[in-house]
Amino acid sequence: MGFDGLVVVSDPYLQRRFTQPDLRALQAQYAALRDATPTGRLRVRDLPAAISGLRGGARGDAEKENSAPEPGLTDEEWASVLKAVSRAGEKPNQDASFELFLRVYAEMQLRLKASGAGSAGGKKAGGIARSSSSSAVAFLTAATTTLLHTISESEKASYVGHINAYLAEDPFLKDALPIDPATDHLFHITKDGVLLCKLINLAVPGTIDERAINTKKVLNLWEKNENHTLCLNSAKAIGCTVVNIGTQDLAEGRPHLVLGLISQIIKIQLLADVNLKSTPQLVELVEDSKEMEELMSLSPEKILLRWMNFQLKKGGFQRTVTNFSSDIKDSEAYACLLNVLAPECSAKPSAMSVKDLLHRARLVLEHADRMGCKRYLTPKDIVDGLPNLNLAFVAHIFQKRNGLSKQMKQVSFVDGLSDDAQVSREERSFRLWINSLGISSYINNVFEDLRNGWVLLEVIDKIAPGSVNWKMANRPPIKLPFKKVENCNQVLKIGKELKFSLVNIAGTDIVQGNKKLILAFLWQLMRYNILQLLKNLRFHSNGKEITDNDILAWANKKVKDSGKHHSRMESFKDRSLSSGTFFLDLLSAVEPRVVNWSLVTKGEKDEEKQMNASYIISVARKLGCSIFLLPEDILEVNQKMMLTLTASIMYWYLKRPTSYSLDTENGSSCETSSTSTSDDSASESSFDENGAR
C-alpha cells in the first residue's frame, strides 16, 4: 500500500512551504508549461517568460485589450529571483527541474508579497508603471491553495480544550493528554492518526471499530498511513467535507488542514442532537405542517438559530439573530438567552447593566459556567464575532439546557418523523454519498432537499458529465412549483437516457417528496456511478459494460484464488453474508496484511456477527474504500449495500498496479500488470477473447 497521489520533494524548505494540494496543483502547472514548449523542454532561462505568459496566452484579444495591466515582477527582479534560487552548477541553458520551478515560484510569491504595498499604485520610484511580466501570478495562485496559511489561535485553544476534556480518560491517549494549547503539540500528536480516529468516534459513536486502529507505541509509515486513510474515509462517512486533504497532509501535521478537519468533527459532535429525530421537542418551534416541512429541510445551524430566536422571544428580545457573528458581538442576545434558560444562575451585576462589551461578555461566560456549560470561547472571541466558536458555544448550551417542553405537543406533526429503520439508513447512505461528491450544494435531508430537482441535476452532472441542459434548469430559490417540476422532469428524462428503470414515476413525485420513489432513483444513480467508475478504469474487459454478475464473479474468484475454496457468496442477497466471514476473506484476499484474524469471530451468534460487521466496515475504509453503509446493512444483508461494498473493494483493487481483468464473454478472468494507477480512463490496449495480450 503506497501513498496515492503523493508528490515527493527532497528540499526540506519546499516540504515545509507547500502542502500536498499545493504540490499536486503546481506539478500540473509545471507539466503544462513544459509541454507547451516546442521542444518539450523547460529551461531555467525560460521560467520568467513561461510563467508570465501562461495566463496571458489563455485570454482572448478583447480581454487583453480591456484588462488593466497586472502588477508583477520586472525583468530585473526576475533576474534577481533566478540568481537567488539557483544553486551551484545550475546554468540558464539547462532544463528546469520541478524543484527549481518550486523554488522560483516560492521566491516570486515572497517578493510580490513584500512589494505589494508599493505596487498598489502601479508606479515605481521613478514614476514608471510596472510591467505585467507576471500576468500568470493570479492564475497560478488560483490553481493552488493559499500558500501562507494562517490558523486561529483562539480556535486551536478551544478545540484543544474540547479534546482534553472529552478524551482525557482514553486508555491510549491519556499519557499524551492534556495538550498544551500554547504550543503546536496538537499537530504533532495527530501525526499517527489515532487521536483523529478517536475524535470521530466521539462525534458519532461506533463509526470506527477501534480494533482496526493501529495503536502500537511506535507505528511505521504504513501503519500511520492506514490510520490516516481510515480517518479520512470515516470523516466522509459522518458528513465531513474532505477536500484537498490527503493522508500525507495528516502525516505531516499541516496545521490549517488538521485544524479544519478537527473543527468539522467537533461541530458534528456538538450539533448531533439539533434535529427532530434526536430532539423531537423541537416541534415546539413550529405552528403547522408547512413550518414543519421547512424545519425538516434546515441545516442544524439554521435550526439552532431558530431555537435561539424562539427562546429570545420569550425573554422579550426585540432583534432577530441571523448569524453567529455580528448579531451576537454585543452579548445582548447571550445575556437574554441565558436568563430565559437558567434565571436561577443569574448574578449581579447583570450583563445587560454593563456597557463595556468585554466586561459584558465576561459576565455572560460566568453565567454559562454556573449552568455547567463548557467554555468554547473567550470574552474577546465573542466581541470579535468568531462564528465557529460562537456556534460551538450555542450548540453546547442547547445540549445542556434547551428549554423545550418535555411534554410533546402537536403530535400529528411528529408522526411523520418515524421512518422505517431501513428507509432511514438508506436516506443516510445516499445523503452522505451525495455530499461526498463535491457538488456545490450540501444536503441535510434527502427527502426535503431534493424536491426542487436542482441537487439531483448537480449529482447527475457529476457522475454523467455533459448530460444536463443547464439552460433549461431553474436555479434555487424556486418559489413556483411548476419550475421545480421542470427540473425534476429533466432529471427523469436523463435517467431514461441512462437506462434507469423509471416505471410509474413522474417529476411531481419527487417534488412531493415520495420517499420510496426518491430512494429508488438515488439507488440507480449510485449504482450507475459505481459501475461507471469500474468501467472507466484502465483495467477492464475491452470497454464493455460492467454488470452486477461481473462484480460477484470477481469477488468469488479473488477469495477462491486466496485458498478459501469453501468461502463463496451466491448472490448479493445470500443470507450467509450476515456472518461477515466472506467479506473478511475478500479483504484479506486483496490485501493479506489488512485483516487481523485474531480479532475475527466465527459469526455464528448475533453478537459475533455484529462485531464482524463493524470490523469489516472499518477495515475496508482503512484499506481506502469510500463506503457509507452501517453494520446493520451487513447483518440484514441489504442487497444494495452488499453490492456497493463489494464494488468499492473491487474498485480499490483494480486501481492498484497489479489488477484484475474481466472477460465477460467467456466468463473467465485474469490478472494483468501495469505501472500506471493514476489514469482511470479506458486503456488503449485490449485483451483478445482468451484474455491474452
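Residues numbered from 1 in each chain as written. Predicted model: local features only at pLDDT ≥ 70, side-chain atom pairs only at ≥ 80, totals over all residues. Heavy atoms only, no water.

### What about the overall build of the protein chain?
Under the convention used in this document: Runs of H or I in DSSP of at least four residues are treated as helices and runs of E of at least two as strands, each being numbered from the N terminus. For every residue, the accessible area obtained with a 1.4 Å probe (protein chains only) is divided by the maximum for its type, and the residue is called buried under 20%, exposed over 50%, and partly exposed between those limits. The contact definition used throughout considers only heavy atoms, calling two residues in contact when any of these lie within 4.5 Å. Per-residue and other accessible areas were derived by the Shrake-Rupley procedure at a 1.4 Å probe size, with only the shown protein chains allowed to occlude residues.
The secondary structure content of the protein chain amounts to 32 helices and 2 strands. When each of the 693 residues of the protein chain is scored for burial, the buried share is 50%. For the protein chain, long-range pairs separated by at least 24 residues make up 65% of all intrachain contacts whose partners lie at least 6 apart in sequence. In the structure as shown, the protein chain presents an accessible area of about 32500 Å², 51% of it carried by carbon and sulfur atoms.

### Thoughts on the confidence of the model for the protein chain
Put simply, the rule is: As a per-residue measure, pLDDT reflects the predictor's confidence and takes values from 0 up to 100.
In the predicted model, the protein chain carries a mean pLDDT of 81, and 79% of its residues have values of at least 70. In the predicted structure, residues 54–71 sits below a pLDDT of 50 and forms 21 contacts with residues beyond four places in sequence or in another chain.

### Quick word on the packing of helix H24 (residues 454–463) against helix H25 (residues 481–497)
We count it as follows: Think of each axis as a best-fit line through the C-alpha atoms, taken over the contacting stretch in the case of a helix, with angles from 0 to 180 degrees between the N-to-C directions. Our angle categories are set so that under 35 degrees counts as roughly parallel, over 145 as roughly antiparallel, 65 to 115 as roughly perpendicular, and the remainder as oblique. A clockwise turn of the near helix away from the far one marks a right-handed crossing, whereas an anticlockwise turn of less than a right angle marks a left-handed crossing. The nonpolar class holds Ala, Val, Leu, Ile, Met, Phe, Trp, Tyr, Cys and Pro. Asp, Glu, Lys and Arg form the charged class, and all remaining residues, Gly among them, are polar.
At their nearest, the axes of H24 and H25 sit 8 Å apart, and the two run at 30 degrees to each other. Here H24 is positioned roughly parallel relative to H25, judged by the angle of their axes. Regarding H24 and H25, the two cross each other, and that crossing is left-handed. Where H24 approaches H25, its residues Trp454, Leu456, Leu457 and Ile460 are matched on the opposing element by Asn487, Gln490, Val491 and Ile494. A class-by-class count of the residues in the contact of H24 with H25 yields 6 nonpolar, 2 polar and no charged.

### Focus on the packing of helix H22 (residues 421–436) against helix H27 (residues 515–536)
One way to put it is that H22 packs onto H27 with a least axis distance of 11 Å and a crossing angle of 45 degrees. With respect to each other, H22 and H27 are oriented oblique. Considering the relative orientation of H22 and H27, their crossing is left-handed. Judged by residue contacts, Val423, Glu426, Glu427, Ser429, Phe430, Trp433 and Ile434 of H22 engage Leu519, Leu522, Trp523, Leu525, Met526 and Asn529 from H27. Here the residues of the contact of H22 with H27 sort into 9 nonpolar, 2 polar and 2 charged.

### Quick word on helix H18 (residues 357–371)
Applied cut-off: In this scheme, a helix's expected span is set at 1.5 Å multiplied by one less than its residue total. N or O atoms within 3.5 Å of each other form a polar contact, as long as, within protein, one can give a hydrogen and the other can take it, and as long as residues adjacent in sequence are counted only when both atoms are side-chain atoms.
Helix length check: H18, at 15 residues, gives a terminal C-alpha distance of 21 Å against a target of 21 Å (1.5 Å per residue), a fit within 8%. For H18, the set of buried residues is Arg360, Ala361, Leu363, Val364, Leu365, His367, Ala368 and Met371. Of the surrounding secondary structure, the elements contacted by the buried residues of H18 are helix H17 (332–341), helix H19 (379–384) and helix H20 (387–400). Its side-chain oxygen placed 3.3 Å from the backbone nitrogen of Leu358, Asp356 serves as the N-cap of H18. Positive backbone phi, at 90 degrees, marks Gly372, one or two positions downstream of H18.

### Points about the nonpolar core
The following threshold applies: We define a nonpolar core as any set of buried Ala, Val, Leu, Ile, Met, Phe, Trp, Tyr and Cys residues linked to one another through side-chain atoms lying within 4.5 Å.
Core analysis: the largest hydrophobic core is formed by 172 residues, its most contacted members being Leu304, Trp307, Met308, Leu525 and Leu534. Among residues more than four places away in sequence, those in contact with Leu304 are Leu271, Val274, Phe324, Leu391, Val394, Ala395 and Phe398. Counting 24 residues, the second-largest nonpolar core is a separate cluster that includes Leu26, Phe98, Leu100 and Tyr105.

### So, the environment of Gly453
Along the polypeptide, Gly453 turns up in the loop between helix H23 (446–449) and H24. With 20 residues separating them in the primary sequence, Gly453 and Ala473 have C-alpha atoms 8.9 Å apart. In contact with Gly453, other than residues within four places in its own chain, are Asn487, Cys488 and Val491.

### A closer look at the pattern of salt bridges
Let me state the cut-off plainly: Any Lys or Arg side-chain nitrogen located within 4 Å of an Asp or Glu carboxyl oxygen qualifies as a salt bridge.
Scanning the entire structure with this criterion turns up 27 salt bridges. A salt bridge links Arg306 to Glu294; the nearest nitrogen and oxygen atoms lie 3.7 Å apart. Taken as a pair, Arg306 in helix H16 (residues 300–314) and Glu294 in helix H15 (residues 289–296) lie far apart in primary sequence, 12 residues in all. Taking the shortest distance from any N to any O, the salt bridge between Asp633 and Arg425 comes out at 3.0 Å. Remark: Arg425 occurs in helix H22 and Asp633 occurs in helix H31 (residues 631–635); sequence separation between them is 208 residues. Neither residue differs from the other here; Asp633 and Arg425 are each classed as buried. One network of salt bridges, with partners in common, ties together Arg319, Asp330, Glu332 and Arg360.

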